[in-house]
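# Structural features, examined
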Amino acid sequence: MLASLAGVLFDGFAYGMLLFLLAVGLSVTLGMMNFVNLAHCSFAMVGGYATVTLMNSYGWPFFATLPVAFLVAAAVSIILERTLYRRLYRASDLDQCLLTIGIVFISIAAFAWFYGTVQQSAAMPSYLRGSVELMGMNFAAYRLFLIGAGLAVTAVLVFSLEYTRFGAQVRAAVDNQRMARGLGIDVDRAFMITFALGGGLAGLGGALAIEIIGLDPAFALTYLVYVLIVVAVGGLGSIAGSLAAALVLGVSDMAGKYYFPWLGAFLIYLVMVGLLIWRPVGLFGKR
């Protein structure tokens, strides 16, 4: 009983970390810039397909593809931010939703055209395919790696956005653009870098998700719901909130599938509703 409970908690924790890696970029752009980017998981798909292409077609090692996945997704997000998104910063939420959901459907069609509709896979290194024995129990090595990657991303993000000059500039630009420009802050550049950061993190999450949940052209729409749930439950703009929400939802989802299979994946929605009734602004939200 204890072994099964530990296994469920571990798998749920790892799955929660994956949800966090997929959602934290949206938490940054939506919470700090107030832009409803429903195409966030399209950037994750860009990173995932970049990793699949480099590994399967060019023989790149897995870890070498991760920076490329981040950079390619960041580059795509910069292009869209410069050409489309910046025109809608002051538009209504509906206008932003319509534009970005349109980008989602375009990305699905584009990747289906080039890669087909089949599930993509990539061979992980041998040391990530095995298991590690701890306290008499076996834990999947790749899930341990996911947990470590999630914690590392959290530390880097918190430091970058809370304790650096760039983070202060972004917060100032979001709070009052006129005042920020008057102080000499390049608001357009700050927004572009923030979008690149959010898109790059999505691409990294998409690359890391291949081994756990797979990759196909419907990825951008399938996991958009989970990403939005994490951001809503965690609270807008809160990295710690997104992490806490992702872990709670990941463990809830795994526990529901293991202990209450008749509920299936529905338990995660029950948990979401309960948490939002208790904290309408999210676990760490302020507005």
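All values reported here derive from a predicted model rather than from experimental measurement. (Residues numbered from 1 in each chain as written. Predicted model: local features only at pLDDT ≥ 70, side-chain atom pairs only at ≥ 80, totals over all residues. Heavy atoms only, no water.)

## Notes on the overall build of the chain
The secondary structure content of the chain amounts to 13 helices and two strands. For the chain, whose C-alpha radius of gyration is 19 Å, the value lies close to the compact-globule estimate of 19 Å for 287 residues. Every one of the 287 residues in the chain was classed for burial, and the buried ones make up 50%. Of all intrachain contacts in the chain linking residues separated by at least 6 positions in sequence, the fraction that spans at least 24 positions is 78%. Roughly 13400 Å² of accessible area belongs to the chain as shown, and the carbon and sulfur atoms make up 68% of that amount. Distance between charge centroids for the chain: 9 Å, based on 15 positive and 12 negative side chains. (Helix = DSSP H or I, 4+ residues; strand = E, 2+ residues; numbered from the N terminus. Rg over C-alpha atoms; globule rule 2.2 N^0.38 Å. Buried < 20%, exposed > 50% of the residue type's maximum accessible area, 1.4 Å probe, protein only. Contact = heavy atoms within 4.5 Å. Areas by Shrake-Rupley, 256 points an atom, 1.4 Å probe, with all protein chains shown as cover. Lys, Arg positive; Asp, Glu negative; His and termini not counted. Charge placed at Lys NZ, Arg CZ, Asp CG, Glu CD.)

## Observations regarding a nonpolar patch on the surface
On the surface, Leu5, Leu9, Tyr258, Tyr259, Phe260 and Trp262 cluster together into a nonpolar patch covering about 660 Å² of accessible area. Secondary-structure elements contributing two or more residues to the nonpolar patch are helix H1 (2–33) and helix H12 (239–259). Its place among the elements puts Tyr258 in helix H12. The class of Tyr258 is partly exposed, set by a relative accessible area of 48%. (Patch = residues over 30% accessible without salt bridge, like charges linked within 9 Å, V, L, I, M, F, W, Y side chains within 5 Å. Salt bridge = Lys/Arg side-chain N within 4 Å of Asp/Glu carboxyl O.)

## Details of the side chain of Thr29
Mapped onto the elements, Thr29 comes out in helix H1. At 3.3 Å, the side chain of Thr29 and the backbone oxygen of Leu26 are in polar contact. The residues contacting Thr29, other than those within four sequence positions of it, are Asn34, Phe35, Thr194, Phe195 and Gly198. (Polar contact = N/O pair within 3.5 Å; in protein donor to acceptor, adjacent residues only side chain to side chain.)

## So, the environment of Val24
Positionally, Val24 belongs in helix H1. When the C-alpha positions of Val24 and Val227 are compared, they lie 8.4 Å apart, and in sequence the two are 203 residues distant.

## A few points about the confidence of the model for the chain
On average, residues of the chain carry a pLDDT of 87, and 96% of them reach 70 or more. Element-level mean pLDDT values for the chain span from 75 in helix H7 (residues 165–175) up to 95 in helix H2 (residues 40–58). (pLDDT = per-residue confidence, 0-100.)

## Some words on the side chain of Thr100
Within the element layout of this structure, Thr100 appears in helix H4 (residues 93–115). In terms of polar contacts, Thr100 uses its side chain to reach the backbone amide nitrogen of Leu38, at 3.2 Å. The residues contacting Thr100, other than those within four sequence positions of it, are Phe35, Val36, Asn37, Leu38, Ala39 and Tyr85.

## Observations regarding the packing of helix H11 (residues 224–234) against H12
Between H11 and H12, whose axes approach to 8 Å, the crossing angle comes to 120 degrees. As judged from the angle between their axes, H11 and H12 are oblique. At the point where H11 passes H12, the crossing takes the right-handed sense. For the pair H11 and H12, the contacting residues are Ile229, Val230, Val233 and Gly234 in the first and Gly241, Ser242, Ala245, Ala246 and Leu249 in the second. (Axes fitted to C-alpha atoms, helices over the stretch in contact; angles between N-to-C directions. Parallel < 35°, antiparallel > 145°, perpendicular 65-115°, else oblique. Left-handed = near helix turned anticlockwise from the far one by under 90°.)

## Points about the pattern of salt bridges
According to the stated counting rule, one finds three salt bridges in the structure shown. In this structure, Asp11 engages Arg143 in a salt bridge whose closest nitrogen and oxygen atoms are separated by 3.6 Å. Taken together, the residues Asp11 in helix H1 and Arg143 in helix H6 (residues 141–162) connect sequence positions 132 residues apart. Of the residues examined, Arg143 reaches a relative accessible area of 24% and is grouped as partly exposed. Between Arg82 and Glu81 there is a salt bridge, and its shortest N-O distance comes to 2.7 Å. Using a relative accessible area of 26% as the deciding quantity, one classes Arg82 as partly exposed. Accessibility expressed as a relative area gives 0% for Glu81, which makes it buried.

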